2 protein chains.
Amino acid sequence: MPFLDQRRSKASYTDVLIIGAGPAGLMACNALAKLGVKVRIVEKRPHNITVGHADGIQPRTLEIFQSYGLLDPILKQGNQIHASAFYGPDEQGSLQLKNRVAPVGVRDARYPFALALPQSAVEEALRDSMAAAGVQVERPIVPLSILVDEEARNSHDGNASPVHVELHDLHSNELGVVHARYVIGADGAHSWVRKTLGIAMEGEQTEHVWGVIDVINPTSDFPDIRNKALIHSEQGSCMIIPREGDKIRLYIQLDDRIALESLSGASAREPARNGQRIDKFSLGPADLLDVAQKILHPYTLRTEGDAIEWWTIYTIGQRIASKFAVNDRIFIVGDACHTHSPKAGQGMNASMGDSHNLAWKIAAVVNGWAKPSLLETYEHERRRYAQDLISFDKKWAKLFSGKPQTKEHGAGVTHEEFLEAFQTFGGFISGIGIHYLPSTITNTDYETAANANGKVAIGKRFPPHAVIRAADSKPVDLQDLLPADGKFRLLAFFGDEDEMGFRSTTSSSVGEIGIPEVVVKLSAVIEQVIGEFSSEAFDVLSILTVDGDPRESALISHLVSWPLVLRSHWSKVLFEDRKDRLFSSPSIVVVRPDGYVGPIASLHEAKTHLARYFSGFLKRGAL
Amino acid sequence: MPFLDQRRSKASYTDVLIIGAGPAGLMACNALAKLGVKVRIVEKRPHNITVGHADGIQPRTLEIFQSYGLLDPILKQGNQIHASAFYGPDEQGSLQLKNRVAPVGVRDARYPFALALPQSAVEEALRDSMAAAGVQVERPIVPLSILVDEEARNSHDGNASPVHVELHDLHSNELGVVHARYVIGADGAHSWVRKTLGIAMEGEQTEHVWGVIDVINPTSDFPDIRNKALIHSEQGSCMIIPREGDKIRLYIQLDDRIALESLSGASAREPARNGQRIDKFSLGPADLLDVAQKILHPYTLRTEGDAIEWWTIYTIGQRIASKFAVNDRIFIVGDACHTHSPKAGQGMNASMGDSHNLAWKIAAVVNGWAKPSLLETYEHERRRYAQDLISFDKKWAKLFSGKPQTKEHGAGVTHEEFLEAFQTFGGFISGIGIHYLPSTITNTDYETAANANGKVAIGKRFPPHAVIRAADSKPVDLQDLLPADGKFRLLAFFGDEDEMGFRSTTSSSVGEIGIPEVVVKLSAVIEQVIGEFSSEAFDVLSILTVDGDPRESALISHLVSWPLVLRSHWSKVLFEDRKDRLFSSPSIVVVRPDGYVGPIASLHEAKTHLARYFSGFLKRGAL
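Everything quoted here is computed from the prediction, not taken from an experiment.

## Observations regarding the relation of the copies chain B and chain A
Two chain copies here: they are related by a rotation about an axis and a translation along the same axis. Under the fitted operation, chain B is carried onto chain A by 0.0 Å of movement along the axis and a turn of 180°, and the coordinates agree to an RMSD of 0.0 Å. Each copy turns onto its partner about a two-fold axis. Considering only C-alpha atoms, the part of chain B nearest the rotation axis is D72 of chain B, at 4.8 Å. A share of 100% of the interface residues of chain B reappears at the interface of chain A, consistent with the copies meeting face to face through the same patch.

Have a look at this one:
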C-alpha cells in the first residue's frame, strides 16, 4: 500500500464506507446504520441540494420507504399522481386529449399512485433518519485513491478491513485513510469509484439532450396541468409533472428533431449548434418555455418573471456498468451503474432500489449471520434489472420522440402504440412487477404450497394483504409488518378455523378442543429452523383464516394456549379473510429482509425446504 | 375597579384570557391563536402532566383534531380500539365472554375506532401547535380576582376589554392585571372561575369513588387484554382499556357495593372506612389490583413490581353548572361546567368539544365578522349537550354497577340490557350523533334541498364523504376539506354531468356546450352572499356528480371556463360518485367553522335562505 506511506494520513476503521450522499448513498447509509453496521458516508458537494434534480417516486419505492418507517415525511411533502393524460394531434394535426387513465402498474400497489417531490425531500428524510442512528454526511470530502488488500480480501469473517480509501477533506485540507470492510460507490453517473476501478460502461454512445424546468404556479388553460401529461404534438413532445404546492415540472427532449425545429423556427435567441447537436450552454429557461408553449398550442401556459424555481439542460446516454462489484468488497449503486432517460421517472427509484437490495446483505455478513457468498446476489439481481430498465427505456424513448400520426404523417406513431407500451411496461415503471431471477435467495425449487390466487411469487415483493390483528381487531396490512430490520420473516399460514376444529362460537373452551395438529406441526418446523441458525435473524408471523367478522372468532380465546414461537408478541397473530386467503392449505412463506419472497413451502415440505434454503447462505448455529 | 388601585400591578391587554391549560383550555387557546385572536393562557400547575389522567379520544374528537391539522401526532401516539368485549357470569356464576363487537357509534365516523392515549399526548400536540402560532402556557400563575366592567361590557365592537383579571405569578411572585375582551375558565372540576362568579353546580350530591391504574405489560391469560373489555362479574365490575405500547388501564368503581365486598373480604390491607364510604386515602395500587384480579377470576393478571406507571382514586359527582357564561364575556368550559363518571370515556371529549364550539364564535366576533349575539349560542348548544351527557351517564352507571343476572340472582342486570344501552347511546358515546338544537346558526327552516340519503342534517356535523379532486383525480374526503379555519364553507352541489348537458366524452369542446345554466345560477347566489358580508368569512367548494371513473369525465376540460368563485383554487372542484351522491338536485349546504351543518338550501331557495341565515349573526358589508 504505497500511498499510505507517502503522506501523513490519519487512519480510521469502519465496516462500510459510502462515497456519495445522493439518494442511492443515503438509502444505503440509513439502512446500514439502522441495522447496527458501523458506516460512514462522504460527499464532495459542500451543501445539500435544495431544489430541482430528480422528482419521481414510484409505487414500489413508496413501499420500500414504508419498510424503513419513512413514508410519512415523504408523503407529506409529495404530490400524488393519480392520473396520466395523453395528448396527441387529431387528424387535422390539432392537439387533443386522447386518453386520461390511472397511472400504470399501480393496481396491486400498497399505495396506488406515483409521487412527485424534490430529490431534496427524499435526501432530507434519509439524513434525518440516519441522524437518529448517529450518522451524519461528512462533506466536502473527495476520495483520492482506493485499494483492496489482496491478502485480507477473502477473510470476510474477522474484523479484516481490506479496502483502503484515501480521503481529502476539502474544508480542512486534511488527508485521511479509511480502512473499510466494504465500500459502496454511490457517486453518480460520472462515478469516480467506477472509473478508478476501471469498470466500463456498456451501451450506445449517443447522448440525448433534455431540458427540465420547474415553474411555480403557472397560469394555464391546459386541463391537465395537475396531472401527469404526455403531450405528443406535431411541434414535439413534452411531459408535465405536477409537483408539490402549485408547482409543475416540464420535461422536453431537445435532441428530438421536432422540438429542435420548433426552437429554431421561432426563437429569437436561436442557439448555436454543432451540426445536429445543440450547444446546451447557449440555451436558457426562456427557450425551454418557448418550446413547451409551442408544443402545448392551442393551450397556453404563462408564468410570472420569478416563477422559475430551477431549470437544467443535460445530456444522457443509455448505458450500464459491465460489473457492479469488485471482489464483493466494493460495490457500485445508482447512477454509477446505469444511466437512462428521465421519461419514465425511474432515476431515483432504480438507484435507491440498488441500495435497498445491497444493504441487508452486507449487514447480514457483517453481523455474522450470513456467508459472504450472499453478496454475489447483489450484482446478479440488480444488473439484470438495470439491463431490463435500459432496454425498456430505449423502446419508450423511440415512441416518445417519434412524429405522431396524423392524416399528413400516416406512418407516425399512433396513440394506441404509445398507450400499449405504457401499459405493457406498467409493472416495470411502478416497480411492483420487479421479479428477481432464481438464485440462492430466490430458489424456485422451494415452491410447493397451494398459492390460492397466485399473488405471492418467489423473487417478487410480498404483496399488500389486508389482515386483522387477532388481539385487538385492528385492520393492518401484512406488508406493513415486514419492516426492513434485517430479519427474515417466516409467515406461517395455518388455514381455516373450521379445518382446525373451531366453530365460531364463544362457548368452546381450550380444554374441549386442545391445540390443533397443524399448530403443533408448524411451530415445530419453525422452532427447528430458528434453532439451527441465528435466532436473531428471524421473526415469525402467524396468519389464520376466518369467515366473517374476526371479532366473533372462537380462535381468539384459544390463542393464549398456543406455542410462544407463534405469538412472540400479541401483535404477531393475524386473521385473513377466507375470501382473500393467500394459501388454501397450511404453509410457510419466507420473506427476505428487503420484502422479496423466498421459499413458499407447504406444511409437508416446509422442514426440508427451509433448512436447505437457509443453509445456502446463512451460517449454522446461534451466535 | 377597587382592586386595581390597591396594589402596584402590571397591566396588559389581550383579546382572550384562558385560565387553565388542560385539554379544554389548550383546545380553546390553540383554536383562537390559529384564528389570529390575541390570546393568553395561564395555568397554576408548574409542570406539564406526563402520565395518567384522561385517556380516551372518541371518533368525533378525532375528526375535530383532523380539522385542526392535529390528527397525525395524536394517531401516532394512541392505541386504536376496534373491539369492545363484554364479559359476564354464566348461569353458574362463572365469568365468560358474552359478546365481542365493534366499538359503538363508529359506523359513520371518518375514523371508525376510539383512541386510547395519555392526556399528556393530547396536551402536547395542542401546545406544539399553539407554539407555532407564538403562544405559550404561562405558569405557575393563579388568578386572584375577576371583574366585568359594567359600562364597557356591552360595547363588543371596539377594543373595549371589560374583563379584568388579577393574576399572581407564583414563580416571580409578581402581580399583574389582564384586561381582556373575553375570559375562558377552563380550570377543571373545582373551577376557581366558576366559584368566584357564583355559578352553582346542579345535580346529585352523591360522590362516586373510582380507582384507576395504568399497568405496563401485564402477564395475563385474559383473551381481551388488548380490547376494551367491560367485565361485569359477581365480584364487581371493571373496565380494561388497552393503551399505547403494551400498557393497559383498569377502571374500577370502588363505591360499587360488590367491589367493596370483594375488597373487604380478602384484602390484607383492609382500608379504613366511614360507614359505607371508602377512605380513599388509605387505599393503594395493590388494593386496586386485588379487586381487579378478583373480578377477572378465573383469568389471571400479573404484573412486575415496577410495572405500575400511574394510579389514582378519586370521587366524582354527576353535576352540571347552572350557566356556562356570564354576560357573554366570561365562559366556562370542560370539567368546570360538567362532571360525570369515566365509564364511557367522555371526559376529554366533552371538554374539548366545548372549546371547539366556543372558539370560532369568539374569533368571529373579535375579527369583526359576527354580531356579539352569536356568543349566546355557546351555552345554548353545549349546556344541552352536557345535560344529555349526564343523564346518559346515570343510566349507564346504574347498569354498570348493578349485580349481574345469574341463576342465583334472577333479578340482576342481564347482558342484553347492558348491550342494548351500549348500542342505544352509540352516537352519543362516539360523539358522531351530537345534534345541536335549532338556533340562529342551526335554523331548521332553511332545509329545502333534496337530501338524497339523509346523511346531511342541520345541527349535526358534516359527515365523511368520499370525493375525487377534479384537477388531479386524487381521492380525498370532503370532511377533510372543512378545516377549522374560522370560515363558513359554502358547498355547491351542481348535480349530474348528464343533467348539465355533458356527455362522458373527450371530444365536446367548451364552445359547443357553453356554461350550464345551473353553474351560472349557483355562482350568482354565492357571489351575492359573499358580497353582502365579509368575503374573508367564506370558502367555496364545488361538487359535481359523475358516473364511473371521474378521469373519463368531459367536465374536466370544461371547468377552465367556469366562474372563478366556484374554483378559487384548482383543489376546490370535486367529483362525487353518482351512487353516493348527497343531493339529488342542485343545492347549497353551509357548513359552520366547527364542521356542523347550517342551511341546506335548494337552488331555488338558496338566495333567500342564505341571505337570511347569515343576516342572523353576521355583520353586513365588507370590512
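## Looking at the domain arrangement of chain A
All names here are of chain A. Here chain A is partitioned into domain 1 (10-77 + 118-203 + 320-398 + 407-425) and domain 2 (444-616). Computed from C-alpha atoms alone, the centre-to-centre distance between domain 1 and domain 2 is 34 Å. Counting from both sides, the interface comprises 14 residues of domain 1 and, opposite them, 12 residues of domain 2. When contributions to the side of domain 1 that touches domain 2 are tallied by element, the ones reaching two or more residues are α3 (59-67) and α9 (347-366). With 5 residues, the single largest contributor to the side of domain 1 that touches domain 2 is α9. Grouping the amino acids of the side of domain 1 that touches domain 2 by side-chain chemistry returns 7 nonpolar, 5 polar and 2 charged.

## Observations regarding the pairing of strand β29 (residues 538-546) of chain B
Residue and element names in this part refer to chain B. Judged by how many residues are buried, β29 sits mostly within the fold: 9 of 9 residues are covered. Burial along β29 is two-sided: the face carrying F538, V540, S542, L544 and V546 and the face carrying D539, L541, I543 and T545 are both buried. Note: strand β28 (residues 488-496) against β29, 7 bridges, orientation parallel. When the bridges of β29 are listed, D496 appears paired with T545. Judged from the 5 bridges that link them, β29 and strand β30 (residues 573-577) form a sheet pairing that is parallel.

## What about the interface of chain B and chain A?
The interface of chain B with chain A comprises 23 residues on the first partner and 23 residues on the second. Those elements that place two or more of their residues in the side of chain B that touches chain A are β6 (95-101) and α15 (555-558) of chain B.

Conventions we followed
- Residues numbered from 1 in each chain as written.
- Chains lettered and ligands numbered in written order.
- Predicted model: local features only at pLDDT ≥ 70, side-chain atom pairs only at ≥ 80, totals over all residues.
- Least-squares fit on C-alpha atoms with pLDDT ≥ 70 in both.
- Contact = placed C-beta atoms within 7 Å.
- Domains from an automatic or database assignment.
- Helix = DSSP H or I, 4+ residues; strand = E, 2+ residues; numbered from the N terminus.
- Nonpolar A, V, L, I, M, F, W, Y, C, P; charged D, E, K, R; others polar.
- Buried ≥ 20, exposed ≤ 12 C-beta atoms within 10 Å, placed from the backbone.
- Pairing = 2+ DSSP bridges.

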